[in-house]
Amino acid sequence: MAGVNALNPIGLALAALAIPIVLLYLLRLRRREQRVSSTLLWRQTVMDREANTLWQRLRPNILLLLQLLTLAFLVFALTRPYALAPAGLTGRAIVLLDGSASMAATDVAPSRFEAARREARGLIDGLGATDEMTIILVDGSPRALTPLTASRADLHAALDQARTSLAPANWSAALSLAGALRTPATTIIIIGDGANSDDLKAQAEPAQFRPVGGAGANIAISTFALRQTVRGASALARVTNHGSQEATVLLSLRAGAATSTATNLLDARELKIAAGQSAQWTVNGIDATVAYVRASIDRATPAESNALSADDVAWAVNASPAPRRALLLSRGNRFLEQALGALPNLQVTRAISMPIDLTQPYDLIVVDGISATLPARSHALFVNPIADTPVFSLGAVFSATGFVDAAQHPTLLAVDWRGINVLDARRVAGPGWLLPVINAQGGPLMLAGESPAADGRTPEFERLAILPFDLRRSDLPLQIAFPVLIANTVEWLAPLRGLDVPILARPGEAVALPAGASVQNPAGTRQTVDARGYGATELPGMYSYALGSATGLFAVNFMDARESAITPDPEVTLRPSGTDTDARGLPVQLAQREIWPLLAALALLALLVEWWIYQRGMPALRRRNGSKTG
């Protein structure tokens, strides 16, 4: 509620009536003088005369205080004071309830989501007999929990069934759904923490915002990968501190087998992480036969620095794919050669220039700064392309390479591009299926896509990825993100043979498993895959699958930098004072709550108390005084 204001401040002038009230208590009574023979029997009269001496000293008097208090209440009531408060619900209401991963944070007891549900229950209980409401749960796939209804029981039942998910809130879809239901008499109420709400701040429909959430300190495993090396497996873990104070975490690595849920401790280490920074840890020499490795934050100090537990654990599968053959067309790029050569089960053949015998089947062709004509249906990675191809053409060079955003793409799993600097790059124009993966201010810094089979024609590329800049004119090869990016790109361009199942997925992401395969989730529930594939990946953890003699594992990890940064955005959660819309772009509806009826009631109460004291209390007081003087 905002500060108290007045609609009729001129009413304060009536406070001057207090002056005559006080004067009546200061002035004596005017009586006629009369001589008497003795004052013995007139002592009480003399005392009364002294008490009414002109301009006598003002003595404490409860009647005077009550009269002044009555006047004060009446004066303030006449000014019609009011306070600004969120407008109440009348008619039709649409409640958008944030159910994203950040709402599971425990900086508000017992969680942000429970606090949001309490707020929604209060709105339901405040509905009138003819008012209607619907609740939209906003997660990765926003949906209405109930149709518009006046039944409080149905609304409470739907609210009790609502749960958070590990997907980010899709505010664009939620606001579109609310807009389709909205009428001129509809109130839209948004209940959430305001974290990661760029779409929410841009919404144009009038709405109320009810914020939940505290400071939002959190520590997350932001990168976890397992790679095969010549000395066994190597695990890389990066932990990010999204809070505003330094924290210390205990990070543990445990190895597991495909046929058992038990894990064995590999190593543990304390990491001290400055506010807003990351710390990484690499463990080498892991047994190459382990099925997977699990990383977990077992302790954080101080405890309040880690409010979200979903990002405290991650899994990495130790994949052993069949050998794949790659062709590297380059005049010499040590960075690419080392990154490709370090990948297990990848046989790399290097050529300096065209022409070259391409009749041999290659799972992957990497073209670095060379003009090349590739066979149809190639899986190719172009680095620093210098010539047009039948699929894409090159444009002007741009130097505005500051990072803008990145798409959710398999090539970017566990890749953080924000700290990478590129001197310049070329613009690339291509077909609609070739989509930007990493966007900079001047254009894409990475593109990727899979060509659809159309009109029966053989596509030039089945899968294509492009890095339109020279690696040596950037610091990408010096970053830990480079080998991870190359490994992800190779795995996407030249996937594992056999069932062709990715080893990593995000919560809620469908996994391309063939129909008939049997999948067991981390809770032990087994399901047979139908023709639509397997989409029941809501639980993070290890999943095992089998189809005939083919078996395997894949991991579902919640590693989302935006959702782990759970600090509420002050541009959303701060309510404007005295305005109907937020200047930052978030409309808020406020109503004037007049409080003069309360003040008038208090004035009447004070007047009744004054009357009672005068009628009942003063005669008794006079009788007591008379008995004492007699």
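Structure shown above.
The structure presented is a predicted model; accordingly, all values stated were derived computationally and were not measured.

Turning our attention to unusual backbone geometry. The amide bond that connects Ala-109 to the next residue, Pro-110, takes the cis arrangement and shows omega of -10°. Topologically, Pro-110 is positioned in the loop between strand E3 (92-98) and helix H4 (112-125). For Arg-377, which is not glycine, the phi torsion reads 65° and is therefore positive. You can see Arg-377 is positioned in the loop between strand E17 (364-368) and strand E18 (378-383). You will see that Ala-414, though not glycine, has its phi angle at about 65°, which is positive. For Ala-414, the position within the fold is in the loop between strand E20 (403-406) and strand E21 (425-429).

For the structure on display, the rule yields seven aromatic pairs. When the centroid spacing of 5.3 Å and the interplanar angle of 80° are considered together, the rings of Phe-382 and Phe-392 count as edge-to-face. With a gap of 10 residues between them, Phe-382 in strand E18 and Phe-392 in the loop between E18 and strand E19 (393-398) connect regions that are remote in the sequence. A single burial state applies to Phe-382 and to Phe-392, both of which are buried.

Okay, the packing of helix H8 (residues 334-341) against helix H9 (residues 481-493) next. Their axes nearest at 9 Å, the elements H8 and H9 cross at an angle of 60°. Crossing handedness for the pair H8 and H9: right-handed. Of the residues in H9, those in contact with Phe-335, Leu-336, Ala-339 and Leu-340 of H8 are Phe-482, Ile-486 and Val-490. Partitioning the contact of H8 with H9 into residue classes produces seven nonpolar, no polar and no charged.

Within helix H5 (residues 152-161) the residues assigned to the buried category are Leu-155, Ala-158 and Leu-159. Axial view of H5: buried residues confined to an arc of 100°, hence all on one face. Among the exposed residues of H5, those pointing more than 90 degrees away from its buried face are Ala-153 and Gln-161. The secondary structure elements touched by the buried residues of H5 are E3, H4 and strand E4 (132-138).

Before going further, it helps to spend a moment on the side chain of Glu-610. Assignment of secondary structure puts Glu-610 in helix H12 (residues 596-629). In contact with Glu-610, other than residues within four places in its own chain, are Leu-63, Leu-66 and Gln-67.

What follows deals with the pairing of strand E10 (residues 247-256). Consecutive side chains of a regular strand alternate in pointing toward one face of the sheet and then the other. Taken across its 10 residues, E10 has seven buried, putting it largely inside the fold. The sheet contact formed by E10 and strand E11 (residues 263-273) spans 10 bridges and is antiparallel. Of the residues in E11, the one forming a bridge with Gly-256 is Thr-263. Counting the residues between successive antiparallel strands, the hairpin from E10 to E11 contains six residues.

Strand order in the open sheet formed by eight strands is E16-E15-E17-E18-E24-E23-E22-E20, with mixed pairing between adjacent strands. Edge strands, defined here as strands with exactly one partner in the open sheet, are strand E16 (346-351) and E20. Across the sheet, the axes of successive neighbouring strands diverge by a mean angle of 20°, strand direction being ignored. Pairing between strand E15 (residues 324-330) and E17: five bridges, direction parallel. Within the sheet, the bridge partner assigned to Leu-329 lies in E17 and is Val-367. Packing of H9 onto the sheet brings it into contact with E15, E16, E17, E18, strand E23 (444-450) and strand E24 (461-467), and relative to E24 it is tilted by some 165°.

If you look at the biggest cluster of nonpolar residues, it comprises 40 residues, and the most contacted ones within it are Leu-340, Trp-417, Leu-445, Met-446, Phe-469, Leu-476 and Ile-486. Only E15, H8, E17, E18, strand E22 (435-440), E23, E24 and H9 provide two or more residues apiece to this core. Take this core: its biggest share by element is nine residues, from H9. Membership of the second largest hydrophobic core comes to 27 residues, among which are Ile-221, Val-249, Leu-253 and Ala-295.

Once that is clear, we can look at the side chain of Asn-218. For Asn-218, the position within the fold is in the loop between strand E7 (208-211) and strand E8 (219-229). A polar contact of 3.2 Å, which involves the side chain of Asn-218, links it to the backbone nitrogen of Leu-308. A polar side-chain atom of Asn-218 sits 2.9 Å from a polar atom in the side chain of Asp-311. Look past the residues within four positions of Asn-218 in its chain and what remains in contact with it is Thr-240, Asn-241, His-242, Gly-243, Ser-305, Asn-306, Ala-307, Leu-308, Asp-311, Ser-564 and Ile-566.

Bringing the packing of H4 against H5 into the picture now. Helix-helix packing is described using two parameters, namely the angle between the two axes and the distance between the axes. Between H4 and H5, the shortest axis-to-axis distance is 10 Å and the interhelical angle comes to 175°. One way to sum up the angle between H4 and H5 is to call them roughly antiparallel. Residues Arg-117, Ala-120, Arg-121, Ile-124 and Asp-125 of H4 form the contact with H5, whose participating residues are Arg-152, Leu-155, His-156, Leu-159, Asp-160 and Gln-161.

Cut-offs used in this document
Residues numbered from 1 in each chain as written. Predicted model: local features only at pLDDT ≥ 70, side-chain atom pairs only at ≥ 80, totals over all residues. Heavy atoms only, no water. Helix = DSSP H or I, 4+ residues; strand = E, 2+ residues; numbered from the N terminus. Phe/Tyr/Trp six-rings, centres within 6.5 Å; stacked < 30°, edge-to-face > 60°. Buried < 20%, exposed > 50% of the residue type's maximum accessible area, 1.4 Å probe, protein only. Axes fitted to C-alpha atoms, helices over the stretch in contact; angles between N-to-C directions. Left-handed = near helix turned anticlockwise from the far one by under 90°. Contact = heavy atoms within 4.5 Å. Nonpolar A, V, L, I, M, F, W, Y, C, P; charged D, E, K, R; others polar. Arc of directions from axis to C-beta. Pairing = 2+ DSSP bridges. Core = buried A, V, L, I, M, F, W, Y, C linked by side-chain atoms within 4.5 Å. Polar contact = N/O pair within 3.5 Å; in protein donor to acceptor, adjacent residues only side chain to side chain. Parallel < 35°, antiparallel > 145°, perpendicular 65-115°, else oblique.

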